[in-house]
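Tertiary structure, described
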Amino acid sequence: MQIIGEVLKGIMRNYPTGVTIVTTKYENKYYGLTVNSFTSLSLDPPLVLIAIDKKLFSHGVIDKSGVYAVNILPSDMKDLAIRFATAPQEERFKGLKVFEAKTGSPIIEGVIAYLDCKVVAKYPGGDHTIFVGEVVDGNILSNKPPLVYYNRNYYSIP
Ligand SMILES: Cc1cc2nc3c(=O)[nH]c(=O)nc-3n(C[C@H](O)[C@H](O)[C@H](O)COP(=O)(O)O)c2cc1C
C-alpha cells in the first residue's frame, strides 16, 4: 500500500498545479494551510472542492467552522506558500494584512483572487476528506502571474 502511494506521488509530481492558501476563522482565530488540491466543481450552483488530509490540524478547524476561503497565490508569494505548509499555525498570519470575506474567513492582501465558501458537502476520500464549498463571494484582486507548483518546486508563468 505504501509503495503504491509513493508511485502515485511520483506520477502526480509531473502534473503542475496552481497554489492556494485555504483559510478559515474558528472561535475568532484565523487558520490556514497551503493547498493545491483545489478544483472548480460546478457553475450552477457555484461549487469548488478541496481535499484535506484527515490527520492535519486544519482538517479539524475547517470541519468545525464549516467555512473556508481559497486565496490564489501570485508568483511573488512563494515564501508564504512555504510558510503556510511548514510554520506553526500561530506564526502563519504574522505580519500579514488581511480582510474578512463574508464568511469571516481571512483574505490575504496581495493574492490574485479569492473564493469565499460555505461547506455544503463532505465526502470521504481515503486518508483525505473532500470539502465541497458553495461559493458565496469572490473577487479578482490583481493581474499578477500565478505561482505554479511542479515536481516539488515553485515556478512562475511569465
Ligand atoms: C504545494 C503544496 C500543496 C499542498 N496541498 C495540500 C492539499 O491539497 N491538501 C492537504 O491536506 N495538504 C496539502 N499540503 C500540505 C499542508 O499545507 C501542510 O501539511 C500544512 O502544514 C498543514 O497545516 P496544519 O498541520 O497546521 O493543518 C500542501 C503542501 C504544499 C507545499
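Shown above is the structure to which this text applies.
This is a predicted model, so every value here is computed, not measured.

Reading the values: rules and limits
- Residues numbered from 1 in each chain as written.
- Predicted model: local features only at pLDDT ≥ 70, side-chain atom pairs only at ≥ 80, totals over all residues.
- Pairing = 2+ DSSP bridges.
- Helix = DSSP H or I, 4+ residues; strand = E, 2+ residues; numbered from the N terminus.
- Axes fitted to C-alpha atoms, helices over the stretch in contact; angles between N-to-C directions.
- Contact = placed C-beta atoms within 7 Å.
- Core = buried A, V, L, I, M, F, W, Y, C linked by C-beta atoms within 7 Å.
- Buried ≥ 20, exposed ≤ 12 C-beta atoms within 10 Å, placed from the backbone.
- Near = placed C-beta within 6 Å.
- Nonpolar A, V, L, I, M, F, W, Y, C, P; charged D, E, K, R; others polar.
- Arc of directions from axis to C-beta.

1. What about the sheet that holds strand β5 (residues 47-53)?
The strand order across the open sheet built from 7 strands is β3-β2-β6-β9-β10-β5-β4, with neighbouring strands paired in antiparallel fashion. The open sheet has two free edges, formed respectively by β3 (29-35) and β4 (39-42), since each of these has just one partner strand. Within the sheet, the average angular offset between the axes of one strand and its neighbour, ignoring direction, is 35°. The pairing of β5 with strand β10 (residues 128-140) spans 7 bridges and is antiparallel. Residue pairing in the sheet places Ala-51 in a bridge with Ile-130 of β10. Contacts between helix α2 (residues 57-65) and the sheet are confined to β2 (20-26), β3, β5, β6 (67-72) and β10, with β2 contributing the most and set at about 55° to the helix. Helix α3 (residues 78-86) rests against β2 and β3 of the sheet, and its axis sits at about 110° to β3.

2. Observations regarding the nonpolar core
Counting residues in hydrophobic clusters, the biggest one holds 29 residues, and the most contacted among them are Val-22, Tyr-68, Ala-69, Val-70, Leu-73, Val-111 and Tyr-114. Looking at this core, the elements that each hand over two or more residues are β2, β3, β5, α2, β6, α3, β8 (106-108) and β9 (113-125). The leading source of residues in this core is β6, at 5 residues. Ignoring any residue separated from it by four or fewer positions in sequence, one finds Ala-69 in contact with Thr-23, Ala-101, Thr-103, Ser-105, Pro-106, Ile-107, Tyr-114, Leu-115, Asp-116 and Cys-117.

3. Here's the deal with the sheet that holds strand β12 (residues 153-156)
Strand order in the open sheet formed by 3 strands is β1-β11-β12, with antiparallel pairing between adjacent strands. Strands with a single pairing partner mark the edges of an open sheet, and in this sheet they are β1 (17-18) and β12. Pairing geometry for β1 and strand β11 (residues 147-150), over 2 bridges, is antiparallel. Each residue of the ladder has a partner; that of Thr-17, found in β11, is Tyr-149.

4. A word on the site of the ligand
Around the ligand there are 15 residues in total, and Ser-37, Asp-53, Leu-56, Ser-58 and Ala-85 lie nearest to it. Classifying every residue of the shell around the ligand gives 9 nonpolar, 5 polar and 1 charged.

5. Let's talk about the environment of Leu-49
Mapping Leu-49 onto the fold places it in strand β5. For Leu-49, a count of 18 C-beta atoms within 10 Å corresponds to the partly exposed category. Here Leu-49 is in contact with Thr-39, Leu-41, Ile-130, Phe-131, Val-132 and Gly-133, once residues within four sequence places are set aside.

6. Observations regarding the environment of Glu-27
Here Glu-27 shows up in the loop between β2 and β3. On the neighbour-count criterion, Glu-27 (8 C-beta atoms within 10 Å) is exposed. Placed 33 residues apart in sequence, Glu-27 and Gly-60 show a C-alpha to C-alpha distance of 12 Å.

7. Here's the deal with α2
Among all positions in α2, only Ser-58, Val-61, Ile-62 and Ser-65 are buried. Buried residues of α2, viewed axially, fall in a sector of 100°; they line one side. On the buried face of α2, the contacting elements are β2, β3, β5, β6 and β10. Directly after α2, the chain includes Gly-66, whose backbone phi takes a positive value near 75°.

8. Remarks on the pairing of β12
Alignment of β11 against β12, held across 4 bridges, turns out to be antiparallel. By the bridge assignment for β12, Tyr-149 is matched with Tyr-154.

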